[in-house]
Each structure stands twice: as structure tokens, then as C-alpha cells.
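Next come the chains, spelled out residue by residue.
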Amino acid sequence: MISHDEIKVEIVPFNGERIEGKEETVVFVEQFVKDVCDFSSQYGSNISISYTAYNIAGNPSKFPDYGDFPQAFVMRTYGQWWDKAPSRLIDYMPQNNVDVVSQDYIDLEYYQEVYPIRVSIYETYNPGSVIGIWAQSSEGKWYQLWSGFPQTVPHKSRIFTPQLQLCNFKTKMIRLEFNHSLLDYYTELDAVLLIGTSELIVPNNFHNQNLNDLSLELGYLKQSEEDSYNLTPDILKANQDLTILKKTLSKHCKLFKSKVIDNLSKGKLISKIGQHYQSVPPIEEAFNSLQQFLQEDFPKLIRDIHHSIPNALSPQDNSLQGKILIPSTAVETQPRGSFSALPDETVLKILKNLDLKSLCRLCRVNRYFHNIARDALLYTSLNLKPYWHCFNAFALNNLAPRCHYLQRLDLSWCGNYNMIKPKDFIEFLHTSGTLLTHLRLNCCQFVNDTVIHDISKVCKNLKELCLRKCMSITNEGFSKLENLKFLERLELCRTIIETSALCSILRKNTQMRHLNLAGMHERLNIDEVAVELGNSCPYLESVDFWKGQTLTPHGVRALSHCTNLREVDFGWCGGMGAPGDSLRALLFSCRYLEKVFLAALRGLTDRDLEPLLLCQRLQQLDLLGARSLTPDICYGFLLFCPKLEMIDLSFCEGINEFIVQEWRQQYPQVSFKRSFQAFHNIY
């Protein structure tokens, strides 16, 4: 749906002088999502429309109803359970992360480019996980419109509408970021509304940065303690303040015509807006690249520092001084008491705690710090995922000289929208990748057959390779990975690898411990993969076959040879049917199991699960949709599995809510999960 509303507003040219009596028309555009361009995960499968990312497109279909609906967009994880599982990933460089780590994202395309003033997110189940909203310019640059912390929200549907920053470019691409750590169960999104204008509108008052601030000051946007979580189940009241504001817009705002903005030099536009507003969007990052800084500003800075060392530390570097424990008088001509008087080993140990951005700033302090902050020992592990929005080929090339000892690299989410080309990464790989043991390239669009071929040639010692949702790799490219011999973790979630290539890789990598094949295509024969794991990978600790339709009892029985298994996910593996003795054989053999997910295996019986009572280390158990289970077997888990922390009994028809409530009181250390569905049943 797209709706337009034309409003008359006074036009102000770039010199800020009013043209008396001159008014122009600005169009307010309200539109829902046209298409989903990318996402990091979804609960739905490739062959279904239930719980998929594409359900977020179009008008709301369920709001204001609250509950678990297959027509919504749902992501794979919730809470902290996946971070506690044996297959959890350890962050290579946690100091790079901001206060809240983004765990998932979705990129949304709209019909018409607008200056965004409001993004409204229709959350219909377990809201509270949205932590970031980004807009993409026509040049492919990303700018953050809003960021916040995850929330613990009452169990009601809501339209989440955070206050956005002023954005002075048009966009039709929005990214939402999520953190699920506070969620009690899966979150679900119904739709996302973008409201914007055809021209840039800014309030007259200097202290108002955008229309949202103005609406709040004028009292049109109501905020009360009773609605602190923006709970707005009445769809008719949503964005009501904008309707009122439009009637008085010409009185309170100015309009900057697009043609005027386009004709301005970007520096003048920044200066003009900066005269009137306290907070200016960091559009320098979009207009001034790192290359320009290094070519123009950096040499001048070095010359200034060389001539006046005592003044090298500018006031804006105070926060950096605090991080590296440098007193304000540290840089002196006398060596006594100087930070540089410390042994290099000590300084490097201190600097090892700095994030990448601080290390780059430190290089600009003086010659000593310039040299030591580029030491290769500080760059043995790199987590570049937090910089996905600005990391590009130029930044990658500039890091290469510092990465002679690089062992662990996370480039997940980076390189999308042509910011990194395959040749750029391959060049970096040949320069800095020979010692790599861990490599994560999840959701990287530049990863293709050529990249995989060079990884297999250059990174001979690779132990971990994560390629989630790398859709540009063909089976021919994957076949090159059989040249690796030391893989212990391989993540291929939502890729298109074929059975023969994967089995060949497993035969050559007998030390495999973690294999993720979640959400794979139907051509992959999971049974054959399971047989190969049983024959070739005796040290296997975790296997994720979630939604693998080609897994049957034959494959489950084959895995019983992997007696070191600590985690299995067979959720939604419809080919298992009634698993019978095959599952019993697996559970009897694998006594170290800590996490067992068997969601939507409707043929499960009490007898199938009896051997699991002997698994003293069991912590997480998902039995969603197991219709035939009785309270007896579940009570057994509570009695005989002392480390049990979570059990999902959603849609288990033989276990009523009254019994679950009793267990919650009797076993407060266990988190009991029960999905809620208002009107429909997924079965």
C-alpha cells in the first residue's frame, strides 16, 4: 500500500533567505514493504511460506491480534539458549562490539524513495528485539536512523515507532537489526511501515532536529507512563500525530528542495544545516572516504605533530587517552615518565584490549604510537562484523600490512552491495591469510567459487569455516574444500552444496566437531551425510539438521556411532516420521547430550525418549508439537536430568496448561516454553 498526502510548505533556498509568499508542495508518502532483499535468518524453510522473511512484505495481515502466526516473519533464535549450547560461537574480538550486539538483520525495499521521518514496526508476538534502524543512500552508503537496547515488553501486539535521526537523503532501503537476548520466546513481525516526504523538511526551531521532535514538543505525539512501551493495538490511532501536524506544517517548518540540495556542494549543505541544528547526522562518513583522509589530512597531521609534539593529543582524543591509560602530560620531550618508556611487550599487552577503531585513532597520536599500534601482534584476531555498514575494499587493503600473523577473521555481514569484490578479498587472502585457522564469512555476497578455491589453496590450516547464506557458491566451488584437512567446524546453513561434495569434505576432515546444515535444500541427502559422519567423524560434538527433509530413521541410527555428540537438532525433519528404535539407539549411545531439539516430530512417543532420561548433562530439550507425549515422560526429565534448564512443550496436546503451571512452581530453575496462538493451529 502507498498513500500520498500533499502539503503546502514554505520553501527555503540554500542561503537560508525566505522568499515571501513562496510555497511549494511536499508529498507525505506512507508505504509498506515492497520486497525483502536480504536477511540473516528465518524460522521458515525454503519450500514453505510459513514464518519466512517474505511475510513481512505488504500490509499487516494479523495486527492487532497477538500470538504465534505462520503468516509472520520469525527468526531462528531467541533468548540466550543458543549462546549456551555446545555449538556456540566465541567472539574473536569482543572489544569491537557496541553495548548491544546485533544478532540478526533484514533488508527491506520500498516502492518510492523518500526522506524518512518515521518507521513503524508491527510486532505481533514477543516484541522488544529491534535495536537498530538503518537507511541506505543511492550510493550504497548506510546511515543509522536509530539505535536502542532490547526491551522486555508486555505480551501484547504493538507498533514500535522509535524516534529517528534527521536523514538528509532519500532512501527506499531500510535495514532492521535485532538482539534476541531478552526474549522469552520467538519474536514475530507482521509488517513495517515507512513514512517519508518527497522533499527535506526541517523545523524552524533550532532545538528541534526533525518532525518527530517537533510533534512531541507541540503535544501532538502523546507519550505517557501507561504507554511506555509504545503499545498501540488500536491501528486507527497509529501516526495520528502526523495527521494533526500536517495541518500546521507551514507554520513550523521549512522545506529544502531536492534540486537545491543536489546543486549544493556537500560541505556547504553540512555547514548550512549545522548552523541551525544542534546535532548533525554524520554524513561526512558518507561523503569523505578514508582514502581522502589518508591522502590529504593525515600527512598534514603528521607534520604538525612532528613540529609540536606536546600538542599532539587534541581534546577530542581524551576518551582515547582514558582507554589506553595515558595521562594528559604523557607525551613529553623528556623520556622519563613517558608512556613510550615502557617495554614494547607491556605496551602491546595494554593495546591488545583496544577495539579496532581506537587502534586506528592511536596511529594518529605520534610516530611512536603510529608504529606500535600497527604491530602485527595486535591483529591476530579481527572481528569486522560491527563495521559492516562502512567496511569496504579500501579498508580491507589498508589492514593487510598489519595482518601478517592473522589467525582468526570474522567478515560476516560485510561486503554486501558491492562494497567488497571477490578480487579484493582474494588479494587480502594471499597477503594475510596463510596463517588463518578460523574464518567466518556469513551472509557475504562476494563469496563465490573463486573465493572458495583460493581459501582452499591458501588457508591450509583452517579449523573453522562459516559460510551461512553464501548463495553464490556452486557445488563445484564447494568441492574445492576437500583440499582442507583440519576442519573442526563447518557451517553451511542455507547454501546449495550437493551430497557428494559434502561427503567428500567430511571424509578428508576426520576431526570435524561441529556441522551446521540447517535449512538446506531438498537435493541434499541428509541420510548419506549422517552415514558419512558416523563413519568418518568420531569426534563430532554437534550437528544441526534443522528442517532437513531428507533425514530418515536410517540417518539417525547412523549417527549413533558418534558417541561424543553433545548437541543434536532434528527439528522439523519431516522424513523421520515415527523415529522408533533409531532414535532410541542414538540416545542410548550418546550419553553426553546437553541439547536435544526435536521440534515438530509429531510421531514421538514416551518410549522413544526414555533413553534420554540417562543423559545427566541434558540442559535444553525442545519437544514442540509432539502430540502423543504424556506428562509422565516430561516429569521424568524433571526428576532425572538435574541440569535441565529449558523445555519447550508448545502444542503438546497431551500436556495441559494446568500441569505446566504446577511444574513452573515446583521447578523454578527450569524455563517451560509454551507458544500461544490466538485463533489458528499450525497443525
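Looking at an unreviewed UniProt entry, one finds the protein named F-box/LRR-repeat protein 4 isoform X1, with Ceratina calcarata as its source organism.

## What to know about the overall build of the protein
Each helix and strand counted, the protein has 23 helices and 24 strands in total. Every one of the 683 residues in the protein was classed for burial, and the buried ones make up 56%.

## A short note on helix α14 (residues 422-432)
Residues Asp424, Phe425, Ile426, Phe428, Leu429 and Ser432 constitute the buried set of α14. The elements touched by buried residues of α14 are α13 (393-399), β14 (408-410), β15 (438-440) and α15 (449-458).

## Describing the nonpolar core
Formed by 125 residues in total, the largest nonpolar core has its most connected members in Phe425, Leu467, Leu533, Phe545, Phe570 and Phe637. It is helix α17 (residues 499-508) that provides the largest number of residues to this core, a total of 5 residues. The next biggest cluster of nonpolar side chains, apart from the first, holds 31 residues, and it includes Ile56, Ile121, Leu145 and Leu164.

## Some remarks on a nonpolar patch on the surface
A surface patch of nonpolar side chains, amounting to about 280 Å² of accessible area, comprises Leu377, Tyr405 and Leu435. The residue leucine 435 is located in the loop between α14 and β15 in this model.

## Focus on the pairing of strand β7 (residues 142-147)
Where strand β6 (residues 130-136) and β7 come together, 5 bridges link them in antiparallel fashion. Bridging across to β7, isoleucine 133 finds its partner in tryptophan 146. Where β6 folds back on β7, the antiparallel hairpin that results is connected by 5 residues, among which glycine 140 adopts a positive phi of roughly 90 degrees.

## Examining the pattern of salt bridges
Enumeration over the complete set of coordinates arrives at 26 salt bridges. Each of Asp410, Arg440, Glu464, Arg468, Arg489 and Glu491 takes part in salt bridges that share partners, so that together they form one network.

## Points about unusual backbone geometry
Glycine aside, negative phi is the norm for most residues, and most peptide bonds take the trans geometry. In this structure, proline 64 follows phenylalanine 63 across a cis peptide bond, with omega equal to 10 degrees. A positive phi angle is found at tyrosine 51, which is not glycine, with a value near 60 degrees. Following the sequence through the fold, tyrosine 51 ends up in the loop between β3 (35-39) and β4 (73-74). If you check the backbone angles, alanine 600 has positive phi at about 65 degrees while not being a glycine.

## Comments concerning the sheet that holds strand β24 (residues 671-673)
Taken in spatial order, the 12 strands make up an open sheet running β13-β14-β15-β16-β17-β18-β19-β20-β21-β22-β23-β24, and their pairing is parallel. For this open sheet the edge positions go to β13 (381-383) and β24, each flanked by a neighbour on one side alone. Along the sheet, successive strands turn relative to each other by an average axial angle of 5 degrees, direction set aside. As defined by bridge partners, strand β17 (residues 489-491) adjoins strand β18 (residues 514-516) across 3 bridges and the pair is classed as parallel. By the bridge assignment for β18, glutamate 491 is matched with asparagine 516.

## Concerning the state of the cysteines
One pass over the structure, following the stated rule, counts 0 disulfides. This cysteine, cysteine 537, is not joined by any disulfide, and cysteine 562 carries the nearest cysteine sulfur, 6.8 Å off.

## Notes on the packing of α17 against helix α18 (residues 526-536)
Axis separation between α17 and α18 bottoms out at 9 Å; the angle between their running directions is 10 degrees. With respect to each other, α17 and α18 are oriented roughly parallel. Contact with α17, carried on its side by Thr499, Leu502, Cys503, Leu506 and Arg507, involves Glu528, Val529, Glu532, Leu533 and Ser536 of α18 and no other residues of that element. Tallied by class, residues from the contact of α17 with α18 come to 5 nonpolar, 2 polar and 3 charged.

Here is what the cut-offs are and how they apply
- Residues numbered from 1 in each chain as written.
- Predicted model: local features only at pLDDT ≥ 70, side-chain atom pairs only at ≥ 80, totals over all residues.
- Heavy atoms only, no water.
- Helix = DSSP H or I, 4+ residues; strand = E, 2+ residues; numbered from the N terminus.
- Buried < 20%, exposed > 50% of the residue type's maximum accessible area, 1.4 Å probe, protein only.
- Contact = heavy atoms within 4.5 Å.
- Core = buried A, V, L, I, M, F, W, Y, C linked by side-chain atoms within 4.5 Å.
- Patch = residues over 30% accessible without salt bridge, like charges linked within 9 Å, V, L, I, M, F, W, Y side chains within 5 Å.
- Areas by Shrake-Rupley, 256 points an atom, 1.4 Å probe, with all protein chains shown as cover.
- Salt bridge = Lys/Arg side-chain N within 4 Å of Asp/Glu carboxyl O.
- Pairing = 2+ DSSP bridges.
- Axes fitted to C-alpha atoms, helices over the stretch in contact; angles between N-to-C directions.
- Disulfide = S-S within 2.5 Å.
- Parallel < 35°, antiparallel > 145°, perpendicular 65-115°, else oblique.
- Nonpolar A, V, L, I, M, F, W, Y, C, P; charged D, E, K, R; others polar.

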